[in-house]
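Architecture at a glance
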Amino acid sequence: MSTSDVTKGGIEGRRPGRDALIGQGTGKGGRRRRRGGRGERAMVPEAEFTSYYGKPVLNAPVWAASDVAAYLFLGGLAGAGSVLAAGAELTGRPVAARALKISSLAAIAGSAAALIHDLGRPARFVNMLRVMKPTSPMSMGSWVLAAYGPAAGAAAVLDATGLFKPLGRAATVGAAALGPVVATYTAVLIADTAVPAWHEGYREMPLVFVGSATAAASGMALLAAPVTETAPMRSAAVLGAGLDLAAVKLMERRLGMVAEPYRQGKGGGLMRAARILSAAGAAGGAVLGGRSRIAAALSGAALLAGSACTRFGVFYAGMRSAEDPKYTVVPQRERANARDTAKTEGA
């Protein structure tokens, strides 16, 4: 066995060509370069993000898209719809107001059904009302839903029947007051989890959800109301879709590598579809929605579909980020390195 000694003049007894090559020896496409017929290979392999015994770093949520993603979309449609319904009623647009009230009631009923189906038993939802915990998005969301549901139901039923009009107006105002919370609290709820694509996007996620919800409710008005009553909804559609698209772009830019699930796979495909549908629906509604009933209906359908794609895209992106450990490990390392650098510079 050959040996070498370290002296003042360097290393004695060293055999040439025995140095480890780190990060060298690879050419374009990862192929090894050859010098004089001899290949060189990197001694440091590519990093692989694995965990002990093949176990995942995070336990991915066991939620089904048909339950949770639908719950996210329908809740947003209901909450924003109640706000637009109150505005339509106050500005003398009764048909649009009634359509939005009925759609909000149907949406919140579907959202509650999806949530209860995911929980497994209706009693689990009731059990969440046993306490009120301000620091828990799930607890506060449960109480908001419990208050919003009856208000939205009374607003829709009393408007459709024409009974107890003062009570109906009070219910409309109450539903509108709770509507913004219903539309956006689910963003806080998912950002409060350990799922990287959701948790890291906590700053922009409420803006994504409020923009998406506004676009969806405006689309419902364009789909169900006469064009003579939808001018404010067309403006709201442009604002909502613009906010949604801008917030998603800002979130992806800030998240860096963690934004990959929003661009790749099923989540990425849905987010791209959401951008196309939302932009097309907002543009069609703004340009042609006030002239043609068919154009307004098509624009409204595109806005609804775009909002649904956004919610389902966010859901699938989060599930993918939870399954791949790199989206958890790399941001943690970057934060740790930043803290160490700050300590070193401060010392």
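A brief structural summary. (Residues numbered from 1 in each chain as written. Predicted model: local features only at pLDDT ≥ 70, side-chain atom pairs only at ≥ 80, totals over all residues. Heavy atoms only, no water.)

A look at the overall build of the chain
We count it as follows: Secondary structure elements follow DSSP: runs of H or I of four or more residues count as helices, runs of E of two or more count as strands, with numbering from the N terminus. Working definition: with a 1.4 Å probe on protein chains only, accessible area under 20% of the residue-type maximum means buried, over 50% means exposed, and in between means partly exposed. Pairs of residues are marked as contacts when any of their non-hydrogen atoms sit within 4.5 Å. Reported accessibility uses the Shrake-Rupley method at a 1.4 Å probe radius. Residues are deemed covered only where the shown protein chains occlude them.
Within the chain, the secondary structure is distributed over 11 helices and four strands. Per-residue burial over the chain gives 43% buried out of 347 residues. Long-range contacts, defined as pairs at least 24 residues apart, comprise 71% of the intrachain contacts of the chain with a sequence gap of at least 6. With an accessible surface of roughly 18,700 Å², the chain has 61% of that area assigned to carbon and sulfur atoms.

Notes on the side chain of Ser142
For clarity, the threshold we go by: Any pair of nitrogen or oxygen atoms within 3.5 Å is treated as a polar contact; in protein, a donor-acceptor pairing is required on top of that, and neighbouring residues in sequence qualify only through side-chain atoms on both sides.
Structurally, the position occupied by Ser142 is in helix H4 (residues 137-161). Within the structure, Ser142 has its side chain in polar contact with the backbone oxygen of Met138 (distance 2.8 Å). Leaving out residues up to four positions away in the same chain, Ser142 has contacts with Phe125, Met128 and Leu129.

Here we look at helix H9 (residues 265-288)
The condition that has to hold: One less than the number of residues in a helix, times 1.5 Å, gives the span that helix is expected to have.
Taking 1.5 Å per residue, 24 residues should reach 34 Å; H9 reaches 34 Å between its end C-alpha atoms and fits that length. Along H9, the positions that sit buried rather than exposed are Gly267, Gly268, Met271, Ala274, Ser278, Gly281, Ala282, Gly284 and Gly285. Lining the buried residues of H9 we find helix H7 (205-224), helix H8 (231-255) and helix H10 (293-323).

What about a positive patch on the surface?
The condition that has to hold: Every patch collects residues that have over 30% relative accessible area and no salt bridge, joining them within 9 Å if they carry like charges and within 5 Å if they are nonpolar side chains (Val, Leu, Ile, Met, Phe, Trp, Tyr). The term salt bridge refers to a pairing of a side-chain nitrogen on Lys or Arg with a carboxyl oxygen on Asp or Glu at a separation within 4 Å. Positive charges are assigned to Lys and Arg, negative charges to Asp and Glu, while His and the chain termini are left out of the count. In this description, the location of a charge corresponds to atom NZ of lysine, CZ of arginine, CG of aspartate or CD of glutamate.
A surface patch of positive charge is lined by Lys249, Arg253, Arg272 and Arg275. Breaking the positive patch down by element, the ones donating at least two residues are H8 and H9. You can see Arg272 is positioned in helix H9.

With respect to the packing of aromatic side chains
Selection criterion: The rule is short: rings of Phe, Tyr and Trp, with Trp giving its six-membered ring, pair when the centres are within 6.5 Å, and they are stacked under 30 degrees, edge-to-face over 60, tilted in between. Think of it as a cone above the ring: NZ of Lys or CZ of Arg counts as a charge over the ring if it is within 6 Å of the ring centre and within 35 degrees of the ring normal.
By the definition in use, this model includes two aromatic pairs. Ring centres of Trp198 and Phe315 lie 6.4 Å apart, and the angle between their planes is 35 degrees; on these two criteria the pair is classed as tilted. Of this pair, Trp198 sits in helix H6 (residues 196-199) while Phe315 sits in helix H10, placing them 117 residues apart in sequence. Exposure remark for Trp198: the relative accessible area of 1% places this residue in the buried category. Seen in terms of ring centroids, Phe315 and Tyr316 are 5.5 Å apart; in terms of plane orientation they differ by 80 degrees. Their pairing is edge-to-face. Assessed through its relative accessible area of 26%, Tyr316 is described here as partly exposed. Cluster of aromatic residues (ring-pair linked, three or more members): Trp198, Phe315 and Tyr316. Across from the ring centre of Tyr202, 5.8 Å away, lies the NZ or CZ of Arg254, which sits over that ring.

Here we look at unusual backbone geometry
In the Ramachandran plot, Phe164 falls in the positive-phi region, its phi being about 45 degrees despite a non-glycine side chain. Along the chain, the position of Phe164 falls in the loop between H4 and helix H5 (165-191). By relative accessible area, which is 58% here, Phe164 ends up exposed.

Observations concerning the environment of Ile116
With respect to the secondary-structure elements, Ile116 resides in helix H2 (residues 94-119). Ignoring anything within four residues of it in the chain, the contact list for Ile116 reads Arg121, Pro122 and Phe125.

Focus on the pattern of salt bridges
The full count for this structure, using the stated rule, is seven salt bridges. A salt bridge links Arg98 to Asp159, with the nearest nitrogen and oxygen atoms 2.7 Å apart. Here the residue Arg98 occupies a position in helix H2, and Asp159 occupies one in helix H4, the gap between them amounting to 61 residues. Taking the shortest distance from any N to any O, the salt bridge between Glu200 and Arg335 comes out at 3.1 Å. Of this pair, Glu200 sits in the loop between H6 and H7 while Arg335 is found in helix H11 (residues 326-346), placing the two residues 135 residues apart along the sequence. A network of salt bridges, in which partner residues are shared, links Glu89, Arg98, Lys101 and Asp159.

Some words on a nonpolar patch on the surface
A cluster of nonpolar side chains, Leu163, Phe164 and Leu167, forms an exposed patch at the surface whose accessible area comes to about 340 Å². Locating Leu167 in the fold gives a position in helix H5.

Some remarks on the side chain of Ser278
Its place among the elements puts Ser278 in helix H9. Discounting residues that sit within four places of it in the chain, Ser278 has contacts with Ala241, Asp244, Ala302, Leu303, Gly306 and Ser307.

A word on helix H1 (residues 65-90)
The line we're drawing: To get the bend at a residue, fit one axis to the 7 residues ending there and another to the 7 starting there, then take the angle between the axes.
Taking 1.5 Å as the rise per residue, H1 with 26 residues should run 38 Å; its terminal C-alpha atoms sit 37 Å apart, in good agreement. Residue Tyr71 marks the point of greatest curvature in H1, where the axis turns by about 25 degrees. Counting buried positions along H1 gives 20 out of 26 residues, so the element sits mostly inside the fold. Looking one or two residues beyond H1, the residue adopting positive phi is Gly92, at roughly 75 degrees.

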